[in-house]
Amino acid sequence: MGAAWAMSKHYFPLVTVPYDRLNKTPLMGMQMRKLISIDDLSVIYDELHRCGVLVEYQTADFHKQAKDYVKQAKKIVEGGYQIEKDEEGYYETEISCVRKVAQKQFRCYGIKGHIADPPDGENAKSDWLFYRIDQFPPLEAGDRVRFKTSKSKINAFPDLGRARNIYPDDLMKLD
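Right, let's walk through the structure included here. (Residues numbered from 1 in each chain as written. Predicted model: local features only at pLDDT ≥ 70, side-chain atom pairs only at ≥ 80, totals over all residues. Heavy atoms only, no water.)

## A closer look at the pattern of salt bridges
Then step 1. Scanning all chains against the criterion turns up nine salt bridges.
Then step 2. Between Arg146 and Glu88 there is a salt bridge, with its nearest N and O atoms 3.2 Å apart. One end of the pair, Arg146, is in strand S6 (residues 144-157); the other, Glu88, is in the loop between strand S1 (82-83) and strand S2 (91-99), with 58 residues separating them in the sequence.
Then step 3. Taking relative accessible area as the criterion, Arg146 reaches 16% and is therefore assigned buried. (Salt bridge = Lys/Arg side-chain N within 4 Å of Asp/Glu carboxyl O. Helix = DSSP H or I, 4+ residues; strand = E, 2+ residues; numbered from the N terminus. Buried < 20%, exposed > 50% of the residue type's maximum accessible area, 1.4 Å probe, protein only.)

## Structural notes on the packing of aromatic side chains
Then step 1. Within the structure shown, the criterion is met by seven aromatic pairs.
Then step 2. With centroids separated by 6.1 Å and ring planes inclined at 85 degrees, the aromatic side chains of Phe130 and Tyr167 adopt a geometry described as edge-to-face. Of this pair, Phe130 sits in strand S5 (residues 126-132) while Tyr167 sits in strand S7 (residues 161-174); the two residues are 37 residues apart in sequence, bridging distant segments of the chain.
Then step 3. On the basis of relative accessibility, which here comes to 13%, the residue Phe130 falls in the buried class.
Then step 4. Among the aromatic residues, ring-to-ring pairing joins Tyr45, Tyr57 and Phe62 into one connected group.
Then step 5. The side chain of Arg99 reaches across the aromatic face of Trp128, ending 5.8 Å from its centre. (Phe/Tyr/Trp six-rings, centres within 6.5 Å; stacked < 30°, edge-to-face > 60°. Lys NZ or Arg CZ within 6 Å of the ring centre and 35° of its normal.)

If you want it as structure tokens, here you go:
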């Protein structure tokens, strides 16, 4: 892509990882725009029009659509989305945090998103993988995981509110 930029071609790289993961990559020094900012989206919209990528140019319609888009994009960034099962019954998501628990024989990890059709059938503010220390490997924030479950339970915690403990039947860390 460097040669294309040098030849004054118009390319718009899309980055789908957090900006800090770009350390030591050629993209680190580039100017970036946030897809959860109406102002940044407006700049991108104008750039696409100036480059001839957009032939139709309806600013009012764009702003109406942009508000809905940003609202949905923020849910995804904040982890407030639903994780669907795949055809084999597995969920795939990212570990958002590690929670220390009083019982040293257990591990507890916050996940991004909420599992669809949870076994307990209830709504929760957050979803957590909870298992015995010898059952599955240790994880850390940022790890991608794939898991299957047939049991979950809602608990109320002073700091978390209604949180779902998910008891995995199978769990694997993805590369």
